[in-house]
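Observations on chain architecture
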Amino acid sequence: MNSSKEFYESLKKLNLLDNLRDPYWWPNSGTFEVIVGAILTQQTKWQKVEKSLKNLKEVDILELEKLAEFDLKELQTLIKPSGFYNTKAKYIKGICKAILEEFGSLEKFKDEVSREWLLAQKGVGEETADSILCYGCYRPEMVVDSYTDRILRAFGYEFESYGDIKEWLVSGFEDRDAKFFALYHGMIVEFAKKYVKGKRVDVSVLEV
């Protein structure tokens, strides 16, 4: 695997996104739910996030204004399936309030928010920020996760930082749109579900 283009093309050949749940891969892309989901998915599996999101929907509070004012302890209980619920509840309420104070509405946030602003919010690291930008705001940002690092290491690559991996992945694709990067990351995750078992990565299926 000599380049990001080879990596992308070899992923594409596997038809990993044949059964898309959303045109941008992430469920309910372009909605407020992405912001909440991006925080809930930190250090946990998506199946657990879905349980928490279901709980929030059942009590009809999966909205920016409602969550900003919602009782913290009740929120902690509702998102318990995702783990680290005490901390994540604070992060969710914090970013909701910050969005309303800084932008006034979700639509204005989606149009005007910067990566730097997101990274300045408590509980928002680079992966979370890029997830919100790509899947929630439809910005051309590539998301890097632990799967990506593990797969590339199996090919002998070693990167020092999130930024270095991201730079390698987007090399040659700088002019692509948000949907391209959304599906690029989606392919990596779907590949990992099938071919990454613990520390073992079946790289043979990715040979070009």
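Residues numbered from 1 in each chain as written. Predicted model: local features only at pLDDT ≥ 70, side-chain atom pairs only at ≥ 80, totals over all residues. Heavy atoms only, no water.

1. Points about the layout of surface pockets
The computed volume of the largest pocket comes to approximately 660 Å³. As for the largest pocket, its lining consists of 24 residues, and the residues nearest its centre are Thr41, Thr44, Trp46, Tyr147 and Val189. Elements with a contribution of two residues or more to the lining of the largest pocket: helix H3 (46–58), helix H9 (126–136), helix H10 (146–154) and helix H12 (178–195). Partitioned by chemical class, the residues of the lining of the largest pocket number eight nonpolar, nine polar and seven charged. Roughly 180 Å³ of internal volume is contained in the second largest pocket. (1 Å grid on protein atoms, 1.4 Å probe; cavity = no way out; pocket = protein on both sides within 12 Å on 5 of 7 lines; lining within 4 Å. Points joined across faces, edges and corners; volume = space filled by probe spheres on them. Helix = DSSP H or I, 4+ residues; strand = E, 2+ residues; numbered from the N terminus. Nonpolar A, V, L, I, M, F, W, Y, C, P; charged D, E, K, R; others polar.)

2. Some remarks on the pattern of salt bridges
What the rule picks out here adds up to 12 salt bridges. In this structure, the salt-bridge partner of Asp130 is Arg115, at a minimum N-O distance of 2.7 Å. With Asp130 in helix H9 and Arg115 in helix H8 (residues 115–119), the pair connects residues that are 15 residues apart, well separated along the chain. The burial state of Asp130 is the same as that of Arg115; both residues are buried. A salt bridge links Lys166 to Asp130, with the nearest nitrogen and oxygen atoms 3.2 Å apart. (Salt bridge = Lys/Arg side-chain N within 4 Å of Asp/Glu carboxyl O. Buried < 20%, exposed > 50% of the residue type's maximum accessible area, 1.4 Å probe, protein only.)

3. Topic: the environment of Gln47
If you trace the backbone, Gln47 turns up in helix H3. What makes Gln47 exposed here is its relative accessible area of 52%. Spatially, the C-alpha atoms of Gln47 and Pro81 are 9.2 Å apart, while their sequence positions differ by 34 residues.

4. What about the nonpolar core?
Within the largest apolar cluster, 76 residues are counted, with the highest numbers of intra-cluster contacts made by Phe7, Leu67, Phe109, Leu118, Leu169 and Tyr184. Here this core gets 10 residues from one element, more than from any other, and that element is H12. Those residues in contact with Phe7 that sit more than four places away from it in its chain are Met1, Ile151, Leu152, Trp168, Leu169, Tyr184, Ile188 and Leu206. (Core = buried A, V, L, I, M, F, W, Y, C linked by side-chain atoms within 4.5 Å. Contact = heavy atoms within 4.5 Å.)

5. Observations concerning the packing of aromatic side chains
According to the stated counting rule, one finds 20 aromatic pairs in the structure shown. When the centroid spacing of 5.9 Å and the interplanar angle of 50 degrees are considered together, the rings of Trp25 and Tyr135 count as tilted. One end of the pair, Trp25, is in the loop between helix H1 (4–12) and helix H2 (32–40); the other, Tyr135, is in helix H9, with 110 residues separating them in the sequence. Residue classification places Trp25 among the buried positions, given a relative accessible area of 6%. Relative to Tyr195, the ring of Phe191 lies with its centre 4.9 Å away and its plane at 35 degrees, an arrangement referred to as tilted. Here Phe191 and its partner Tyr195 are both found in helix H12, four residues apart, which amounts to about one turn of the helix. Each member of the aromatic cluster is reached from another via a ring pair, and the members are Phe7, Tyr8, Tyr157, Phe159, Trp168, Phe173, Phe180, Phe181 and Tyr184. Taking the ring centre of Phe180 as reference, the NZ or CZ of Arg176 above it sits at 4.5 Å. (Phe/Tyr/Trp six-rings, centres within 6.5 Å; stacked < 30°, edge-to-face > 60°. Lys NZ or Arg CZ within 6 Å of the ring centre and 35° of its normal.)

6. Some points on a negative patch on the surface
A cluster of acidic side chains, namely Glu101, Glu102, Asp111 and Glu112, defines a negative patch on the protein surface. Breaking the negative patch down by element, the ones donating at least two residues are helix H6 (85–102) and helix H7 (106–112). Residue placement: Glu101 occurs in helix H6. (Patch = residues over 30% accessible without salt bridge, like charges linked within 9 Å, V, L, I, M, F, W, Y side chains within 5 Å. Areas by Shrake-Rupley, 256 points an atom, 1.4 Å probe, with all protein chains shown as cover. Lys, Arg positive; Asp, Glu negative; His and termini not counted. Charge placed at Lys NZ, Arg CZ, Asp CG, Glu CD.)

7. Overview of the packing of H2 against H3
For the pair H2 and H3, interaxial distance at closest approach is 10 Å and the crossing angle is 135 degrees. When the interaxial angle is binned, H2 and H3 end up oblique. The crossing of H2 and H3 is right-handed. Side by side, H2 and H3 meet where Glu33, Val36, Gly37 and Leu40 of the first sit next to Trp46, Val49, Ser52, Leu53, Leu56 and Lys57 of the second. Residue classes in the contact of H2 with H3 are distributed as six nonpolar, two polar and two charged. (Axes fitted to C-alpha atoms, helices over the stretch in contact; angles between N-to-C directions. Parallel < 35°, antiparallel > 145°, perpendicular 65-115°, else oblique. Left-handed = near helix turned anticlockwise from the far one by under 90°.)

8. Considering the environment of Glu63
Structurally, Glu63 is set in the loop between H3 and helix H4 (64–69). For Glu63 and Ala192, which are 129 residues apart along the polypeptide, the C-alpha to C-alpha distance reads 31 Å.

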